[in-house]
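# Structural features, examined
These are the residues of each chain, in order.
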Amino acid sequence: MNRPAARRQRGTSLLEVLITMVLLAFGLLGIAALQAKAQVGSIEAYQRAQAVLLLEDLQARINGNSGQADAYLSAGALGTGDALPADCSTVAAGSARDLCEWSGALKGAAELQSSTKVGAMVGARGCVSQVQAKDASAGVCTQGVYLITVAWQGLHPTLAPALACGKDLYGADTLRRAISVRVAVGLPNCI
């Protein structure tokens, strides 16, 4: 190469290295943001799985004590912020104990880290409402239908759920998550 062409090439590779480093930095920042979003998604999925387990738990309890299904109805939300005792061994067996134990599970009592309850979702609450009253009248025989709902606080805003359980208890209602299941209690001896 002759000398004038060599002088024009000086600093070119340094500029290429600088551009490469800037592009690499933006790429690494993008990967870090993706990792953070994946972590939030993982936590949200864990909380939803916990909510499903809690729904299935109370559903099984109601089905196991179907004769007393109306006793499972809750006037307010159970779980975070309720007045039920932490130790349910003093509560009479049946629906009252089932609701007490379910409230403890909503509060995270199933899993402890040191003495802190960490087994449930953030601010978990549960509600049981009646969709259809049972009617054992002759010729009618209408089964009872109950709605079990679990609500909790999500980590990022989304569309507010239509279910009423936990409404306005999480600040912005767009942070509230809620899932529910219907439980039908039949009347096997109805004619």
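Here is a short report on the structure shown in this document. (Residues numbered from 1 in each chain as written. Predicted model: local features only at pLDDT ≥ 70, side-chain atom pairs only at ≥ 80, totals over all residues. Heavy atoms only, no water.)

### Some words on the nonpolar core
Most often, soluble globular proteins keep nonpolar side chains buried together rather than apart. One finds Leu 58, Ile 62, Trp 102, Met 121 and Val 150 to be the most contacted residues of the largest nonpolar core, which totals 23 residues. Secondary structure elements with two or more residues in this core: α2 (12-64), α3 (95-106), β5 (144-153) and β6 (176-185). Broken down by element, the residue count for this core peaks at five residues, all from α2. With residues up to four places along the chain from it excluded, the contact list for Val 150 reads Ala 51, Leu 54, Leu 55, Trp 102, Leu 106, Met 121, Arg 125, Gly 126, Arg 177, Ala 178 and Ile 179. Counting residues in hydrophobic clusters, the runner-up holds five residues, among them Cys 127, Ala 151, Cys 165 and Ala 178. (Core = buried A, V, L, I, M, F, W, Y, C linked by side-chain atoms within 4.5 Å. Buried < 20%, exposed > 50% of the residue type's maximum accessible area, 1.4 Å probe, protein only. Helix = DSSP H or I, 4+ residues; strand = E, 2+ residues; numbered from the N terminus. Contact = heavy atoms within 4.5 Å.)

### Structural notes on the sheet that holds β6
Taken together, four strands build an open sheet; the order of strands is β1-β4-β5-β6 and the sheet is antiparallel. Of all the strands in the sheet, the pair left with one neighbour each is β1 (78-79) and β6. Here seven bridges tie strand β4 (residues 125-132) to β5, and the two strands are oriented antiparallel to one another. Looking at β5, one finds that Gly 126 is bridged to Val 150. (Pairing = 2+ DSSP bridges.)

### Regarding the pattern of salt bridges
Oppositely charged side chains may form a pair once their charged atoms are brought near each other. Applying the stated criterion across every chain yields a total of seven salt bridges. Its salt-bridge partner being Arg 61, residue Asp 98 comes within 3.0 Å of it at the nearest N-O pair. With a gap of 37 residues between them, Asp 98 in helix α3 and Arg 61 in helix α2 connect regions that are remote in the sequence. For the pair shown, Asp 98 and Arg 61 are each scored as buried. Here Lys 167 and Asp 173 are joined by a salt bridge, their closest N and O atoms 3.4 Å apart. The class of Lys 167 is partly exposed, set by a relative accessible area of 45%. Bridged by salt links that share partners, the residues Asp 57, Arg 61, Asp 98 and Glu 101 form one connected network. (Salt bridge = Lys/Arg side-chain N within 4 Å of Asp/Glu carboxyl O.)

### A short note on the environment of Asn 65
With respect to the element layout, Asn 65 can be found in the loop between α2 and β1. When its relative accessible area of 21% is taken as the criterion, Asn 65 is described as partly exposed. When the C-alpha positions of Asn 65 and Val 185 are compared, they lie 9.7 Å apart, and in sequence the two are 120 residues distant. Those residues in contact with Asn 65 that sit more than four places away from it in its chain are Tyr 72, Gly 94 and Ser 95.

### Here we look at the state of the cysteines
Two cysteines, two sulfur atoms, one covalent bond between them: this is a disulfide. Using the criterion set out here, one finds two disulfides in the structure. What pairs with Cys 88 in a disulfide is Cys 100, and their sulfur atoms sit 2.0 Å apart. Residues Cys 88 and Cys 100 are joined through a disulfide that is left-handed, its torsion about the S-S bond being -85°. Of this pair, Cys 88 sits in the loop between β1 and α3 while Cys 100 sits in helix α3, and the two are twelve residues apart along the sequence. With a relative accessible area of 1%, Cys 100 lands in the buried category. (Disulfide = S-S within 2.5 Å.)

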